[in-house]
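Descriptive analysis of the structure
Spelled out from the first residue to the last, the chains are:
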Amino acid sequence: MRTILLATLAAALLSGCVAAVVGGTAAGVGHDRRSWTTVIGDRNIQATAYDNYNKDKELALKNNVSIVVYNGVMLLVGEVRTAELKQRAERRVSGYDGVRKLVNEIEVREPEGFLSQRRDNTITAHVKTALLDIVDLPGFDPTRVNITTAHRTVYIMGLLSRDEAERVAEIARNVSGVEKVVRVLEYQD
């Protein structure tokens, strides 16, 4: 009897986990302009790229690089100590099926410390929050925009109309601490 009770409890818990995972993925894809297969593909490419990048211990432990993949476009941002390391970082994450374009915005300089990274994370959060104010563009959904910040430069990724892209860039430029806005976008019109 105890075995049956444990098996039933485990099945109930596992089915709840599956529903939560499937529901979470479905909810994330529901607002996205990418197909669900593209969203999953982007996530897999990003995870695989990080895994391959992290196998190079000099790159992973002594530098600071972020990898973002959106609709088959891979963005590299952060800092490495030498030009050779910048090229090596790009080589480590190049050649994946599904990546149509690689944008390497890594800067050659000493890696920034925790406080600088924290400031960039705060800028990202402020830009994402400010995008919630766009209520007058029909069909605009701020969850469709990927915002990444490095060295006070905001990188905008997404599938947007030109009007949406202009508004997003304008809002990002006006967030305190932003020094530059870079569009890594695909336009729908």
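Everything below is about the structure printed above this text.
Residues numbered from 1 in each chain as written. Predicted model: local features only at pLDDT ≥ 70, side-chain atom pairs only at ≥ 80, totals over all residues. Heavy atoms only, no water.

**A closer look at the sheet that holds strand E7 (residues 180-187)**
Reading across from one edge, E5-E6-E7 is the order of the three strands in this open sheet, with mixed pairing throughout. Either end of the sheet is taken by a strand with one partner, and the two such strands are strand E5 (145-150) and E7. Shown here is a sheet whose adjacent strand axes are inclined to one another by a mean of 15 degrees, direction ignored. Bridge count for strand E6 (residues 153-160) against E7 is eight bridges, and the pairing is parallel. Residue pairing in the sheet places threonine 153 in a bridge with lysine 180 of E7. Against the sheet, helix H5 (residues 114-131) touches E5 and E6, its axis set at about 150 degrees to E5. Packing against the sheet, helix H6 (residues 162-173) makes contact with E5, E6 and E7, and its axis sits at approximately 165 degrees to E7. (Pairing = 2+ DSSP bridges. Helix = DSSP H or I, 4+ residues; strand = E, 2+ residues; numbered from the N terminus. Axes fitted to C-alpha atoms, helices over the stretch in contact; angles between N-to-C directions. Contact = heavy atoms within 4.5 Å.)

**Brief notes about the pairing of strand E3 (residues 101-104)**
Every other side chain in a regular strand lies on the same face of the sheet, so the side chains alternate between the two faces. The pairing of strand E2 (residues 73-80) with E3 spans four bridges and is parallel. The residue bridging leucine 75 from the neighbouring strand is valine 103, located in E3. Note on the crossover from E2 through helix H4 (residues 83-92) to E3: the handedness is right-handed. (Right-handed = clockwise from strand over helix to strand, strands pointing away.)

**Let's talk about H4**
For H4, the complete set of buried residues consists of Leu85, Arg88 and Ala89. Taken around the axis of H4, the buried residues stretch over an arc of 100 degrees, which confines them to a single face. (Buried < 20%, exposed > 50% of the residue type's maximum accessible area, 1.4 Å probe, protein only. Arc of directions from axis to C-beta.)

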